[in-house]
Amino acid sequence: HHPRRQSLALYPPDSPRSQPPPPERPGLCHTMSFLQSLKSVDFYRKLKKDLQQELTEASLPGAALSVVAAIVMLGLIFAEFNSYLTVGTESKVIMDHFDSSTDDTLQVNFNMTFPHLKCDYASVDATNFMGTHDAGLSARVSKIRLDKDGRQINKFEERTKPLNHATEEKHDGPATSLVLTSDLFESAHHRHDIMIVNFYAPWCHWCQKLEPVWEKSTKQLADKFPGDERLALGKVDCTAKASEALCIKNRIDAFPTILVFRKDDTGSSLHESYHGERSVPAITGWAEHFVAQLKNDAPKTRMVDADKDGNVDSHHGVGCMVSGLLHVQRAPGMLVMQAVSEGHDFNWETMDVSHTVNHLSFGPFLSESAWTVLPPHIAAAVGTLDDHKFSSDQHIPTTHEHYVKVVRHEVTPPARWRADPVISYGYVAHSNNIQKVGEVPTLRLNYDILPIVVQFSEKKQAFYHFITNLCAIIGGVFTVAGIVASMVDKGIASLKKKQELGKLG
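Structure report, in brief. (Residues numbered from 1 in each chain as written. Predicted model: local features only at pLDDT ≥ 70, side-chain atom pairs only at ≥ 80, totals over all residues. Heavy atoms only, no water.)

### Let's talk about the overall build of the chain
Across its full length, the chain holds 11 helices and 20 strands. Accessible surface, the chain: about 30,500 Å² in total, of which carbon and sulfur atoms supply 58%. (Helix = DSSP H or I, 4+ residues; strand = E, 2+ residues; numbered from the N terminus. Areas by Shrake-Rupley, 256 points an atom, 1.4 Å probe, with all protein chains shown as cover.)

### So, the packing of aromatic side chains
Within this structure, the stated rule accounts for 13 aromatic pairs. The rings of F81, Y84, F463 and F466 are connected pair by pair, giving a single aromatic cluster. (Phe/Tyr/Trp six-rings, centres within 6.5 Å; stacked < 30°, edge-to-face > 60°.)

### So, the environment of S83
When you line up the elements, S83 lands in helix α4 (residues 60-85). A relative accessible area of 38% places S83 in the partly exposed class. Along the backbone, S83 and Q461 are 378 residues apart, and their C-alpha atoms lie at a distance of 7.7 Å. (Buried < 20%, exposed > 50% of the residue type's maximum accessible area, 1.4 Å probe, protein only.)

### Overview of the pattern of salt bridges
Under the criterion given, the structure shown has 21 salt bridges. A salt bridge links R262 to E272, with the nearest nitrogen and oxygen atoms 2.5 Å apart. Taken together, the positions of R262 in strand β10 (residues 257-262) and E272 in the loop between β10 and β11 (273-274) put the pair 10 residues apart, joining distant regions of the chain. With respect to burial, R262 and E272 carry one shared label: buried. For the salt bridge of K405 with D448, the shortest nitrogen-to-oxygen distance reads 3.1 Å. Taken together, the residues span a long stretch of sequence, with K405 in strand β18 (residues 398-411) and D448 in strand β20 (residues 443-459) at a distance of 43 residues. Salt bridges sharing common partners tie together D96, R330, R408 and E410. (Salt bridge = Lys/Arg side-chain N within 4 Å of Asp/Glu carboxyl O.)

### Brief notes about the side chain of T399
Here T399 is to be found in strand β18. Dropping the residues within four chain positions of it, T399 is found in contact with N432, N433, I434, E439, V440, P441, T442 and R444. (Contact = heavy atoms within 4.5 Å.)

### Examining the nonpolar core
Judged by nonpolar contacts, the single largest core of 36 residues is most densely connected at F110, M112, V322, L360, F362 and V406. Only β2 (105-114), β3 (122-128), β13 (319-329), β14 (333-339), β16 (355-362), β18, β19 (422-435) and β20 provide two or more residues apiece to this core. For this core, the element with the highest residue contribution is β2, accounting for five residues. Look past the residues within four positions of V322 in its chain and what remains in contact with it is F110, N111, M112, F114, A122, V124, V141, S142 and K143. Residues I196, L231, A287 and V304 belong to the second largest nonpolar core, which totals 20 residues. (Core = buried A, V, L, I, M, F, W, Y, C linked by side-chain atoms within 4.5 Å.)

### Brief notes about the pairing of β3
Of all seven residues that make up β3, five are buried, and the element is covered over most of its length. With seven bridges connecting them, β3 and β14 associate as antiparallel partners. The partner of D125 across the bridge, within β14, is V336. (Pairing = 2+ DSSP bridges.)

### Quick look at the packing of α4 against helix α11 (residues 463-501)
The N-to-C vectors of α4 and α11 enclose an angle of 160 degrees; their axes lie 10 Å apart at closest approach. When the axes of α4 and α11 are compared, the pair comes out roughly antiparallel. Crossing handedness for the pair α4 and α11: right-handed. The class makeup of the residues in the contact of α4 with α11 is 21 nonpolar, one polar and one charged. (Axes fitted to C-alpha atoms, helices over the stretch in contact; angles between N-to-C directions. Parallel < 35°, antiparallel > 145°, perpendicular 65-115°, else oblique. Left-handed = near helix turned anticlockwise from the far one by under 90°. Nonpolar A, V, L, I, M, F, W, Y, C, P; charged D, E, K, R; others polar.)

### A few points about the environment of K118
Assignment of secondary structure puts K118 in the loop between β2 and β3. Taking the C-alpha atoms as reference, K118 lies 8.2 Å from L146; in sequence the two are 28 residues apart. Setting aside residues up to four positions removed in sequence, K118 forms contacts with T257, S273, H275, G317, V318, G319 and C320.

### Here we look at the state of the cysteines
If you walk through the whole model with that rule in mind, you get two disulfides. The disulfide bridge from C119 ends at C320, spanning 2.1 Å between sulfur atoms. The chirality of the disulfide connecting C119 with C320 is right-handed, given an S-S dihedral of about 100 degrees. With a gap of 201 residues between them, C119 in the loop between β2 and β3 and C320 in strand β13 connect regions that are remote in the sequence. Per residue, the accessibility class of C119 equals that of C320, and both read buried. The disulfide partner of C238 is C247, and the S-S distance across this bridge is 2.0 Å. With the S-S bond torsion at -90 degrees, the cross-link from C238 to C247 turns out left-handed. By relative accessible area, which is 5% here, C247 ends up buried. (Disulfide = S-S within 2.5 Å.)

### Digging into the side chain of D147
Structurally, the position occupied by D147 is in the loop between β4 (141-146) and β5 (152-156). Under the relative-accessibility criterion, D147 is labelled buried at 6%. Here D149 takes part through its backbone nitrogen, which lies 2.9 Å from a polar atom of the side chain of D147. (Polar contact = N/O pair within 3.5 Å; in protein donor to acceptor, adjacent residues only side chain to side chain.)

### Describing unusual backbone geometry
In this structure, P256 follows F255 across a cis peptide bond, with omega equal to -10 degrees. Mapped onto the secondary structure, P256 falls in the loop between β9 (254-255) and β10. Phi angles above zero are rare outside glycine, and R251 is one such case at about 50 degrees. Examined against the element boundaries, R251 turns out to sit in the loop between α7 (244-249) and β9. The class for R251 is partly exposed, based on a relative accessible area of 44%. A positive phi angle is found at D387, which is not glycine, with a value near 65 degrees. Within the secondary structure, D387 is located in the loop between α10 (376-382) and β17 (388-390).

In structure tokens:
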């Protein structure tokens, strides 16, 4: 019997042992083969567990260096995470291209206080480098009278009809008004309940026209109130040495200036100044109002409107708050503020245009929400000159010049704020005083609107940049620590070898 045949006969034909092995699937073979080949590109091969103890060795310097590296790594990671959470700003400068013809103008907002310039004289003019004047500026300028302590009195209203000063009046009789000097003034002041004084200069054209009107008014009042010493009219020549100090004390800078002095005045008293029509009927009618005050027939007020035309004829305002809003072309220009009058001559040596810039800004007024969006340094640039005071030297004609460079700012708030971009105009300013004999004291505000836009937006670190820096920190610290550990190990090994050879002494 053949052994092979006997073994085959032991199993029935239908038993599993008698079946041939199943064929292998081609797809599975290819997958296993690919995975095996992929292992060849493993960058991070590991030691076998049974070889780790034999091929690696821990040391105390290595442990200390590992702790230091871990601390440094954690510190850098914390600093990087804090930088990632911090939101900064990014700025860039572009040319300012006007979108339409309406963008060709810019709004200017100003509010200034002149403690020694009366609203009756204060004039505002606007011009640009091409010589174009703003004809409608006066209608957009508001003036408020101030007393000598800076308190507001009332709003100055332009007269609806011009004053008709008498220019052809004649007086044939003798001069009867009091001639006052510095030595005689105080005694006359306290001898009369009301003393109305005309401060003049012989060279003044308007003073020459007022002279016969003043004397004729004095005579008419004396005839109407004979023997009444309570009211007197006087005059002071401000060019005479004997009365020069008196004019300086009362800050006489316009001729003629008519002031009211009361018997009970003190050093801090307020004196009304007359700004009505300079004619005999107007002056006598105004003076009679003070007689009525003495008789308690009229209210004792320092704001007198004798002719009831709605414009006060006299007031105690010595200063002025000038404010306005105007639109100017986006070209270099200038605002000019100085004393102007069609019925006075000025003494420029005593004219004082000292002022305080309460507010100066460009562009539309910003809302409360817009102010919260602006960065602090941009918000401060919107009103660089605000609350700045500029003083003139007494008796020296002083012109104040402010040079302003205006830049447009566009601030885009973070998207999560859900706020619209804010447009503001900041500026830098340089101020200078010009003192020159013969110079007309003036405030000149020169502005130049630069054709650039500075854009500010949120700058936040991108997440991928944060991850990249994080990997750089971990890898960099690990690598540097490894280099240091290698150097330490080599140094220790070198010392040990020298010690074995007996070279360390």
